[in-house]
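Remarks on the overall topology
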Amino acid sequence: MKKRLIVLIVVLSLLLAACAQPQQAPAPAPTPPADGGAAADTAPPAGEGGLTFGNIRLAFVHVGDPADMGYTYRQHRGTTDMMLELGIHPDQVLNFFNIPPGGAADTAILEAIEWGADMVFATSFGHGPHMLEAARAHPDVNFFHATGDLALDAGLPNFHNYFGNMSQARYLSGIAAGLRTETNVLGFVAAHPFAEVITGFTAFYKGALSVNPDVTMYVMFMNAWNNPALEAQIAQALIDRGADVIGQHADSPSAQGVAQNNGVWSVGYNANMIPAAPGAVLVSPMFDWSYYLTYAVYEFVTNGNVRTDFLGSMEPGGQGMVFLSALNPNEGVVAEGTAEAIAAAEGAIIAGRNIFTGPIYDNEGNQILAEGEEWTERQSAPSWSYIVQGITVIE
Amino acid sequence: MDIFINFFNAAVLAGTPLLFGTLGEILTEKSGNLNLGVEGMMFMGAVSGLAAVFLLEVGLGIEIAGALAVLIAIAGAFIAGALGAFIYSVLVVSLRTQQNVTGLALTIFGIGFGNFFGEYFGRTSPIGFMTVSLSARQGFSNLSIPVLSDIPILGPLLFSYNILVYLAVVIAVAMAFFLSRTRWGLNLRAVGENPATADAASINVTRYKYLATCIGGGICGIGGMYISMVTTSGVWVHNSVQGFGWIAVALVIFATWSPKRALVGSLVFGGLTVMRFYVPLGIPMQIYDTFPFLATILVLIVTSIRQIKEHSPPAQLGINYFREER
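Residues numbered from 1 in each chain as written. Chains lettered and ligands numbered in written order. Predicted model: local features only at pLDDT ≥ 70, side-chain atom pairs only at ≥ 80, totals over all residues.

Next up on the list: the overall build of chain B. Regarding its fold elements, chain B presents 13 helices and zero strands. For chain B, whose C-alpha radius of gyration is 20 Å, the value lies close to the compact-globule estimate of 20 Å for 326 residues. Taken along its principal axes, the extent of the C-alpha atoms in chain B is 60 × 50 × 40 Å. For chain B, with 326 residues in total, the buried portion stands at 50%. Here the contacts in chain B between residues at least 6 apart in sequence split such that 80% fall between residues at least 24 apart. (Helix = DSSP H or I, 4+ residues; strand = E, 2+ residues; numbered from the N terminus. Rg over C-alpha atoms; globule rule 2.2 N^0.38 Å. Buried ≥ 20, exposed ≤ 12 C-beta atoms within 10 Å, placed from the backbone. Contact = placed C-beta atoms within 7 Å.)

To continue, consider helix 10 (residues 205–231) of chain B. All names here are of chain B. The end-to-end C-alpha distance of helix 10, which contains 27 residues, comes to 38 Å, matching closely the 39 Å that a straight helix rising 1.5 Å per residue would cover. When you tally the buried positions in helix 10, you get 22 out of 27 residues, the bulk of the element. Downstream of helix 10 by one or two residues, S233 has phi in the positive range, about 55 degrees. (Expected span 1.5 Å × (residues − 1).)

Attention now goes to the sheet that holds strand 5 (residues 159–164) of chain A. Residues and elements named next belong to chain A. The strand order 2-1-3-4-5-11 describes an open sheet built from six strands, whose pairing is parallel. The open sheet has two edge strands, strand 2 (93–96) and strand 11 (309–312), and neither has a second partner. Across the sheet, the mean angle from the axis of one strand to that of its neighbour is 15 degrees, orientation sign disregarded. The pairing of strand 5 with strand 11 spans four bridges and is classified as parallel. Looking at strand 11, one finds that Y162 is bridged to F310. The strands touched by helix 4 (residues 103–115) within the sheet are strand 1 (58–61), strand 2 and strand 3 (119–122), with strand 1 carrying the most contacts at an inclination of about 170 degrees. (Pairing = 2+ DSSP bridges. Axes fitted to C-alpha atoms, helices over the stretch in contact; angles between N-to-C directions.)

Turning our eyes to something else, we now look at the pairing of strand 2 of chain A. Residues and elements named next belong to chain A. Of the pairings in the sheet, the one linking strand 1 to strand 2 comprises four bridges and is parallel in character. Bridged to V61 within strand 2 is F96. Of the crossover connections in this fold, the one passing from strand 1 over helix 3 (residues 71–86) to the parallel strand 2 is right-handed. (Right-handed = clockwise from strand over helix to strand, strands pointing away.)

This part is about unusual backbone geometry. Residue and element names in this part refer to chain A. The amide bond that connects G358 to the next residue, P359, takes the cis arrangement and shows omega of 0 degrees. Examined against the element boundaries, P359 turns out to sit in the loop between helix 12 (338–350) and strand 13 (360–361). The backbone of T147 sits at a positive phi, close to 70 degrees, despite the residue not being glycine. The topology assignment puts T147 in the loop between strand 4 (142–146) and helix 6 (151–154). Notably, N270 is not glycine yet its phi reads approximately 75 degrees, a positive angle. Within the secondary structure, N270 is located in the loop between strand 9 (265–266) and strand 10 (285–287).

All names here are of chain B. Interhelical geometry of helix 11 (residues 244–254) versus helix 13 (residues 285–306) gives an angle of 30 degrees and a closest axis separation of 9 Å. The handedness of the crossing between helix 11 and helix 13 comes out as left-handed. Judged by residue contacts, I247, A250, I253 and F254 of helix 11 engage P292, T296, V299 and L300 from helix 13. Across the contact of helix 11 with helix 13, the residue classes break down as seven nonpolar, one polar and no charged. (Left-handed = near helix turned anticlockwise from the far one by under 90°. Nonpolar A, V, L, I, M, F, W, Y, C, P; charged D, E, K, R; others polar.)

Further remarks concern the nonpolar core. Counting residues in hydrophobic clusters, the biggest one holds 214 residues, and the most contacted among them are V120 of chain A together with L50 and A73 of chain B. Top element by residues in this core is helix 3 (residues 66–94) of chain B. It accounts for 15 residues. Taken together, domain 1 (40–164 + 288–316) and domain 2 (166–286 + 325–394) of chain A each give at least three residues to this core, which thus spans both. What A73 of chain B contacts, discounting residues up to four positions off in sequence, is G49, L50, A52, V53, M225 and M229 of chain B. (Core = buried A, V, L, I, M, F, W, Y, C linked by C-beta atoms within 7 Å. Domains from an automatic or database assignment.)

Note: interface size is frequently given as the accessible area lost on complex formation between the parts. Counting residues at the interface gives 27 residues for chain A, matched by 27 residues for chain B. When residues of the side of chain A that touches chain B are traced back to their parent elements, those giving at least two are strand 7 (216–221), helix 9 (228–240) and helix 10 (254–261) of chain A. Take the side of chain A that touches chain B: its biggest share by element is eight residues, from helix 9 of chain A. Counted by class, the side of chain A that touches chain B contains 14 nonpolar, nine polar and four charged residues.

Here the focus is the sheet that holds strand 9 of chain A. All names here are of chain A. If you walk across this open sheet you meet the five strands as 9-8-6-7-15, and the pairing is parallel. At either margin of the open sheet sits one strand with a lone partner, and together these are strand 9 and strand 15 (391–394). Looking at chain direction, strand 8 (residues 245–249) and strand 9 are connected through two bridges and run parallel. If you follow V245 over to strand 9, its bridge partner there is W265.

Our next topic: the confidence of the model for chain B. Averaged over all residues, the pLDDT of chain B equals 92, while 100% of them reach at least 70. Interface confidence in the predicted complex, given as ipTM, is 0.85; pTM for the same model is 0.84. (pLDDT = per-residue confidence, 0-100.)

Quick look at the environment of E395 of chain A now. Residue and element names in this part refer to chain A. Mapping E395 onto the fold places it in the segment after strand 15. The exposure class of E395 is partly exposed, given the 15 C-beta atoms found within 10 Å. Between the alpha carbons of E395 and G247 there is a distance of 17 Å; along the sequence they are 148 residues apart.

As C-alpha cells, then:
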C-alpha cells in the first residue's frame, strides 16, 4: 500500500512538473509560423545572420508584473502590440517578470542569452549596470534598456537606451491640475528622489503654473516605486496639508482613490486611472512602449542598426511614445476650458517648445536658467534634479 | 491642533489593519499555534472581501448599498481568512507538521491566491480594474455620527472613522473579555500553556486549536479586506497587503499577547509609520522608517528584563501536541 502511494505521488508530481514546464522554462526551439508572420512579407530579411521576423528571439526582463495595471502592464502591452504589428510568434518571446535589480537580474539576463535571445530588453532604471555588464561580456547579443542612462557613455555597439519624454505629457496634465485647484495647492506622491521623478513633477508643476500663477506644490517621497498603502498614506497627508489635486509618480492607483474619498481631484500615471476613481481623476499621462519596440525590432531585423539612445516624444493626435489619456468625461470633474488650454499647449510642445526654459529659480532663490535659456538633455534619460521655486519637498 | 488631529487620524487608519492582524494572531497563538501565515491570510481576505462585492455587483448588474457591502465584504474576507487557517490547522493540528514551515507555506500560498484572483478578476472586468461601485465604497467612508462627531476636538479625534475601525476596537475588547473572564477563554489559555493538562481536564484540545486558529485567521482576513476596501479605496492593487501581516506578527510580541495592549501597540505602530508625513524632525526619511522596528526591539528588551509572567508567550507556543507522548 505504502509503495503504491509513493509511486502515485511520484507519478503525480512528475506530471505536474511536466505541465508547469512550458510556462517556466525557456521554450524549445521556436517553430516559426509557416508564413513567417504578416510583416515578414513587406520587409525582406536583410539583417545580420539571416534574421527574420519569423526567427528573431526577444527576451524581456520586467521589474514588476503586468497585474500592476500600471508601469509593467503598459510595458508588456507594448510588447504584445509590437508582436501583432510585426507578426512575431509568442514562441519567439521570453518574458521574465518581477525581476528586481541585483542578482536576479543577472540570472534572468543570462537565461535569456542561453535561450538564444537576439535582443534583450530590460525595463527598470536599476537594471542598467547588469545590462551593461552583459553587453560587455556578450558582444553578439544586443541589449536595450528602458529609462537608463549608461549607453551613450559606454559606447558599445550592442547596448542601447530608450525612453519617452514624459515631461511633455506631465506638463499638459499639470494644466488640468492648475485649472482645477481651488486651494491653489497641489500635492505630489513621488517614488524615489531620482532625476527622472524630479523632472516629472517639475514638468507637472510648470504646467499648472502656466495657467495658475498662484499655485504651489508639496512633494513627498516614498522611497519605492510601488507601495499601495504608503501611496495612500502620503496622499492623505498631502490632502491634510491643503492640497486639492494629487499627482503621482507611483505605480498603483491607490492615491487616486484617496483623492476621491476626500472629495478632491487627482492626476493618474501610466494607466488610464479614471475607472479607479471616476469622480477624482482628471487625466493620466501615459507611455506607448510599442512605439519604440516596433521601431527597434524592425530596424534591427531589416538593417541591424538601432540608435544608441532613443527619445520618443508626443505627436499630433496622441499617437506618440508619450501621450495623454482622454480627459475625464464625467460632468463637472475637469475645470471648464481645460481641453482648450491643453490643446493650445500641446500644439506648442509638439512644435518644439522646451518646457524647461528660463528664467527658472530653485526653491532657495538661486537662478538655474537665465531668461530665455533652455535646458537641454544630452540623452533620453532626464537629468533635471533642481527643486524649483514654488515646490516644497517634505522629508 | 489640526496637525495633531490629522496625525492621530492617520495613525488610527494606518494601525487598524495591523490591529486586525494582531488580534487574529493573538487568538491563534493563545491556542499554542504559531501561525506565521498572517500575511497570506490577509491577502486571501483582501481579495475575497473585495471579490465578494465585485462579483455580486457584476453578476447581478446592481450597485450594492454601503452597509450591505460592508457585511458582504466582512463575510467574504472572514471566510477566506478562516479557510487559510483551516488548511494550516489540518496540517499542524491533525497531521502535526512543523508550525513555522507550514505558516511560511501559507504565506506564500496566500500571496499567490490574492494576486492571482486579483489579477484574474481585474482582467475579466470590463473597465480593467477589479473595483466596486461608488455606493458600495460609501459604506467604508468615514462616519459622521450625529452630535458625537460634532464635538470639538474629541469628535474628529474619536468619532470620525470608518465602521471597520470601530469593529476592530469591539473585537479587541470582546477578545480581552473572552480570554480573561470566560470559561472558554480560560480553557483556550490552558490549551496554549499546557495541552496535556488541559486534555486531562477533559478539554477537547483539538477542537480548541481548530476553532481559535480558524476564527483568528478570519479576523486576519478582515484586516486584509480593510486594506483593499479602505486603504486602496475598493480597487484591487497588486501586492497591496505588502508586509502588513509580518508587522502584525511582530506586534503580537509588542502587545505581549494581550488584546488590550494590541490596541495601544497598533496605534503606536500606525503612528510611527505615518510620522514622517506629519512630524518634521529634519532627519533623513530612512531613519523614520526604522522607528516601528526600533520600538519593537525596545519592547522586547524591556519585557525580557522585567520577566513578568503575564507578558510571556503561551508556554507551548509553536509545539505540536501528541497525546501519546504525555
